[in-house]
Amino acid sequence: MTPYERCLIPLPAHTSWDGKPFSFGGEVPCYVKSLPDAHTSTLLEELWYNFTMNGSTLRFRERPGIDDWQMKIGNGTVPNLPDGEDYALSVTENGVGITGGSREGMLRGLFTLMQLIRANDLRPGQESLHIPGTSITDHPALKFRCLHLCVFPETTLPFLHKIVRLAGFLKFSHIVLEFWGMLRYDCLAELSWPRAYTKNQIRPIIADARSMGMEVIPMINHLGHASASRACYGRHVVLDQNPRLATLFEPDGWTWCLSNPETLALLRTMRKELMELCGPGSWFHIGCDEAYSFATCDKCSAGDSRELLLNYLNNLTEELAKEGRRPIMWGDMLLDSEAWAPPIIAVSRPHQRTHEILDRLDRRMMIADWQYSITEPKVASTEHFIAHGFDTVTCPWQGDGNIFALGQAAAESGAFGFMPTTWHTLPDNIRLMPSASEAGWCGKRTRDLYDDFITQLANFQRKVYPSHSDYLQSGFRRLEVIE
Ligand SMILES: [Zn+2]
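This one's a predicted model, so the numbers in the text were calculated from it and none came from an experiment.

### Brief notes about the coordination of the zinc ion
Protein coordination at the zinc ion comes from Glu 250 (OE), Cys 257 (SG), Cys 297 (SG) and Cys 300 (SG), with a distance range of 2.1 to 2.3 Å. Bound by four donor atoms, the zinc ion shows angles of 98 to 115° at the metal and therefore tetrahedral coordination geometry. Along the chain, the residues that donate to the zinc ion are spaced as E-x6-C-x39-C-x2-C. Remark: Cys 297 occurs in the loop between β14 (283-287) and α7 (298-302) and Glu 250 occurs in the loop between β13 (215-219) and α6 (261-278); sequence separation between them is 47 residues. Residue Glu 250 is classed as buried on the basis of its relative accessible area, which comes to 1%.

Here you go:
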């Protein structure tokens, strides 16, 4: 692995490093067929400025003879795109050429390029930088690479903004945004804490995600986790503010009551609001994990609870299909806790037997199989879901071992994709973000040592979202010492 390759996250599929570097100075033209939309061109010009250490500005210009999803910097030559590749990148002494197979591919080529920029002289008026001569063709092992992100009351907007930009820069194709009582809905004030963000505060972050080539997948927990708070600390965003809304839930408040038409109507309105906020897309994450108290109220427990759940999920699938979307649900309630042994995690308990609905569940449902204890690249539960005809994504959490095992398992088992989760541990596990990027893009480990991932990620984050001298916004957590 060359020093240049060590700096690239994720490592591209094919690289060669012949030829002379492209040298440039304080201003560089970037030629395209037609200008990107205003938000995208502003963002990409800002990223170029930041990745040239404030030493160079990029200016988009339209020029005939350039195709869609191509960019040309200086007098570079746009490369041909071989079949099956996501983008091709060429750097010669004359300039840079990028050809993407799509808008997103072109952007990913640009993000690879930005990782290679080196400075020679940054004194004002004497700016001199270079990019090594190279030709790169690249494609992902898994087309669907989705980072699941949570917005907690402690998640600041700058932190969220930084992580979303980093996700795009590290070539994730999708992000899931799960608000833990932290988005103000129009339909019901008690769905969020008084400190929650407004839609207008979230919109610029979503706009950046989309400008960087990612689809933003809205997420609302449609079964368990209805408290929008972690079970271990006992908060309930709705019932702590208004106990009279208790009939929306099962008696303990943890799970939505599926027999209450008002619950179904509320969730429908929430979906509509969130889809509008997140913008066009093909997916909606409906959660549905750890629904311990499902069917415990008098109504839900009186009938056949499995029929209740099955109809609920299949109706949801049908409703979302009318919006051009497919649901994604966590897989744990569809795995029989009596049939699966560790390291597989299965949460369909003997008194619920929710796994029995699997055969009759609409195959448009995508299963997100979170398996946090697996460190070998084989996930039997994912293979089980695939064998039952479901598109399935593997979902790791903490630790390089779990992340790379599930990335490789997804690539080797024909899974639909890969969805690393981050939960409340993201600031302390931030080193795993590049690992997750590389596991999904490369589908395997590419290097023996990952100890420079943290310093390289630090380098990227101060450029994708500069702190502008604000101590609390710099880096990945607010405090150097935990008090
Ligand atoms: Zn109920």
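### A few points about the pattern of salt bridges
Tallied over the full model, the rule gives 25 salt bridges. As a salt-bridge pair, Asp 362 and Arg 364 come within 2.7 Å of each other at their nearest N and O atoms. Note on Asp 362: relative accessible area 17%, which makes it buried. The network of salt bridges with common partners includes Arg 306, Glu 338, Arg 353 and Glu 356.

### What about the pairing of strand β10 (residues 134-138)?
The buried fraction of β10 amounts to four of the five residues, a majority that puts the element mostly inside the structure. By the bridge criterion, three bridges tie strand β1 (residues 14-16) to β10 in an arrangement that is antiparallel. When the bridges of β10 are listed, Thr 15 appears paired with Ile 136. Relative to β10, strand β6 (residues 87-92) runs antiparallel, the two sharing five bridges. By the bridge assignment, Ser 90 is partnered in β10 with Ser 135.

### Describing the layout of surface pockets
When its volume is computed, the largest pocket comes out at roughly 940 Å³. In terms of lining, the largest pocket is formed by 33 residues, of which the most central are Phe 152, Pro 153, Glu 154, Thr 155 and His 424. The dominant element in the lining of the largest pocket, judged by the number of residues it contributes, is helix α4 (residues 157-169), at three residues.

### Considerations on the sheet that holds strand β7 (residues 95-100)
Taken together, the seven strands give an open sheet; going across it, the order is β1-β10-β6-β7-β5-β3-β4, and neighbouring strands pair in mixed fashion. Each having just a single partner strand, β1 and β4 (57-62) make up the two edges of the open sheet. Between one strand axis and the next, the sheet turns by 15° as a mean value, whatever way the strands run. With six bridges connecting them, β6 and β7 associate as antiparallel partners. Residue Ser 90 lies in a different strand from β7, and its bridge partner there is Gly 97. Sitting on the sheet, helix α2 (residues 38-51) is in contact with β3 (27-32), β4 and β5 (70-74), with an inclination near 145° to β4.

### Overview of the packing of aromatic side chains
The full count for this structure, using the stated rule, is 19 aromatic pairs. Ring centres of Phe 51 and Phe 460 lie 6.4 Å apart, and the angle between their planes is 45°; this geometry places the pair in the tilted category. Here Phe 460 lies in helix α12 (residues 453-464) and Phe 51 lies in helix α2, a separation of 409 residues in the sequence. Across the pair, exposure class does not vary: Phe 51 and Phe 460 are buried alike. A centroid spacing of 6.3 Å and a plane angle of 85° characterise the contact between Trp 180 and Trp 423, whose relative ring orientation is edge-to-face. Taken together, the residues Trp 180 in the loop between β12 (174-179) and α5 (199-211) and Trp 423 in the loop between β18 (417-418) and α11 (432-442) connect sequence positions 243 residues apart. The pair formed by Trp 180 and Trp 423 is uniform in burial state, with each residue classed as buried. Taken together, the aromatic side chains of Phe 51, Phe 111, Phe 169 and Phe 460 make up a single cluster linked through ring pairs. Directly above the aromatic system of Tyr 31 lies the positively charged group of Arg 63, at a separation of 3.7 Å from the ring centroid. The ring of Trp 441 carries Lys 171 above its face, with NZ or CZ at 5.9 Å from the centroid.

### Notes on the side chain of Glu 438
Within the secondary structure layout, Glu 438 lies in helix α11. Glu 438 sits in the buried class, given a relative accessible area of 0%. A polar atom in the side chain of Glu 438 sits 2.3 Å from the side chain of Thr 446. Separated by 2.6 Å, the side chains of Glu 438 and Arg 447 make a polar contact. For Glu 438, the residues in contact, after removing those within four places along its chain, are Leu 8, Ile 9, Pro 10, Leu 11, Phe 404, Gly 443, Lys 444, Thr 446, Arg 447, Tyr 450 and Phe 453.

### Structural notes on the pairing of β5
Here β5 lies mainly inside the structure; four of its five residues are buried. By the bridge criterion, two bridges tie β3 to β5 in an arrangement that is antiparallel. In the strand pairing of β5, Cys 30 is matched with Ile 73. By the bridge criterion, five bridges tie β5 to β7 in an arrangement that is antiparallel. By the bridge assignment, Met 71 is partnered in β7 with Ile 98.

Rules and cut-offs
Residues numbered from 1 in each chain as written. Predicted model: local features only at pLDDT ≥ 70, side-chain atom pairs only at ≥ 80, totals over all residues. Heavy atoms only, no water. Donors = N, O, S within 2.8 Å, 3.2 Å for Na, K, Ca; no water. Tetrahedral: all angles 85-135°; square planar, octahedral: opposite > 155°, others 65-115°. Helix = DSSP H or I, 4+ residues; strand = E, 2+ residues; numbered from the N terminus. Buried < 20%, exposed > 50% of the residue type's maximum accessible area, 1.4 Å probe, protein only. Salt bridge = Lys/Arg side-chain N within 4 Å of Asp/Glu carboxyl O. Pairing = 2+ DSSP bridges. 1 Å grid on protein atoms, 1.4 Å probe; cavity = no way out; pocket = protein on both sides within 12 Å on 5 of 7 lines; lining within 4 Å. Points joined across faces, edges and corners; volume = space filled by probe spheres on them. Axes fitted to C-alpha atoms, helices over the stretch in contact; angles between N-to-C directions. Contact = heavy atoms within 4.5 Å. Phe/Tyr/Trp six-rings, centres within 6.5 Å; stacked < 30°, edge-to-face > 60°. Lys NZ or Arg CZ within 6 Å of the ring centre and 35° of its normal. Polar contact = N/O pair within 3.5 Å; in protein donor to acceptor, adjacent residues only side chain to side chain.

Purely geometric stuff here, so don't read any function into it on its own.
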